[in-house]
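Structure at a glance
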Amino acid sequence: MENNNNIIAERQAKTVYREGDKCIKGFGSGFTKSDVLNEALSQSRVEETGLRIPKILDVTEINGQWSIVSEFIEGKTLSALMKEFPEKREEHINLLVDLQTEVHSKNNNLLIKLRDKLHREICGSEIEATTRFDLHARLEGMPKHDKICHGDFCPSNIIITDDGTPYIVDWSQVSQGNASGDAAWSYLTICMSWGEETAERYLELFCEKGGIDKRYVQRWMPIIAAARLSLEKPEEHDFLLKWANVV
């Protein structure tokens, strides 16, 4: 059982904690066995692509909670390093983009489709009906790709080991779809956490390295903002609502 000293993160009825060389994600009563098994299966499918991610070791019940047991990766998050070494911001953003580009180079057609996930989340948002209709129409008109999309790719989900090896963690939102949708999510996250200047630099590098028109990624932003509103995070509400209404 976890104790307060071992807790790594707590969010949305999930607790992530360390136990020796293992990382355990415990799910609250709102999650069914199938929810947990589906998350573990999706992460396993990503693991099979060869990306550097923690390997799943077990799915089991611990103290009445369904839990996913994986490798514990010792190191610092990229977020922590960005705070510790602000003079290396450009280097860190470059690394973030390179890692995300590597993720997008992989495919697995058994993962859920990003498009279907976003449609469902937009339906669950507070956006008024006319805007929701426009967002659904825009989403349906976007090119349909099958690239692996992390779904919450940001500096806090990158762990850098002592020897400089990066690992990507937290694959609970993984899907297959259009990489620019994944980048739009990252842009909004970085903007809220690090400010518009850092977010813009991230977007410039992402588009430059991928040969993508910046305006194309920007067309995804209202879609992603509306979908994120369904998560009902008060601290994000006003920022996301503003972006969702840009449509």
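This text follows the structure it describes.
Residues numbered from 1 in each chain as written. Predicted model: local features only at pLDDT ≥ 70, side-chain atom pairs only at ≥ 80, totals over all residues. Heavy atoms only, no water.

**Let's talk about the packing of helix 7 (residues 196-210) against helix 8 (residues 214-229)**
If you want to describe how two helices pack, look at the angle between their axes and the distance between the axes. It is the contact of helix 7 with helix 8, at a shortest axis distance of 9 Å, that shows an interaxial angle of 125°. For the element pair helix 7 / helix 8, the angle class is oblique. Here helix 7 runs over helix 8; the crossing is right-handed. Judged by residue contacts, Glu-200, Leu-203, Phe-206 and Cys-207 of helix 7 engage Lys-214, Val-217, Gln-218 and Met-221 from helix 8. A per-class count over the contact of helix 7 with helix 8 returns five nonpolar, one polar and two charged. (Axes fitted to C-alpha atoms, helices over the stretch in contact; angles between N-to-C directions. Helix = DSSP H or I, 4+ residues; strand = E, 2+ residues; numbered from the N terminus. Parallel < 35°, antiparallel > 145°, perpendicular 65-115°, else oblique. Left-handed = near helix turned anticlockwise from the far one by under 90°. Contact = heavy atoms within 4.5 Å. Nonpolar A, V, L, I, M, F, W, Y, C, P; charged D, E, K, R; others polar.)

**Some details on the packing of aromatic side chains**
Two aromatic rings, taken as a pair, are described by how far apart their centres are and by the angle between their planes. Tallied over the full model, the rule gives three aromatic pairs. Aromatic pair Tyr-187 and Trp-243: ring centres 6.2 Å apart, planes at 80°, arrangement edge-to-face. Residue Tyr-187 is located in helix 6 (residues 179-194), and its partner Trp-243 is located in helix 9 (residues 237-244); the two are separated by 56 residues in the primary sequence. Given the relative accessible area of 21%, Trp-243 is considered partly exposed. One cation-aromatic arrangement involves Lys-88 over Phe-85; the distance from NZ or CZ to the ring centre is 5.0 Å. (Phe/Tyr/Trp six-rings, centres within 6.5 Å; stacked < 30°, edge-to-face > 60°. Buried < 20%, exposed > 50% of the residue type's maximum accessible area, 1.4 Å probe, protein only. Lys NZ or Arg CZ within 6 Å of the ring centre and 35° of its normal.)

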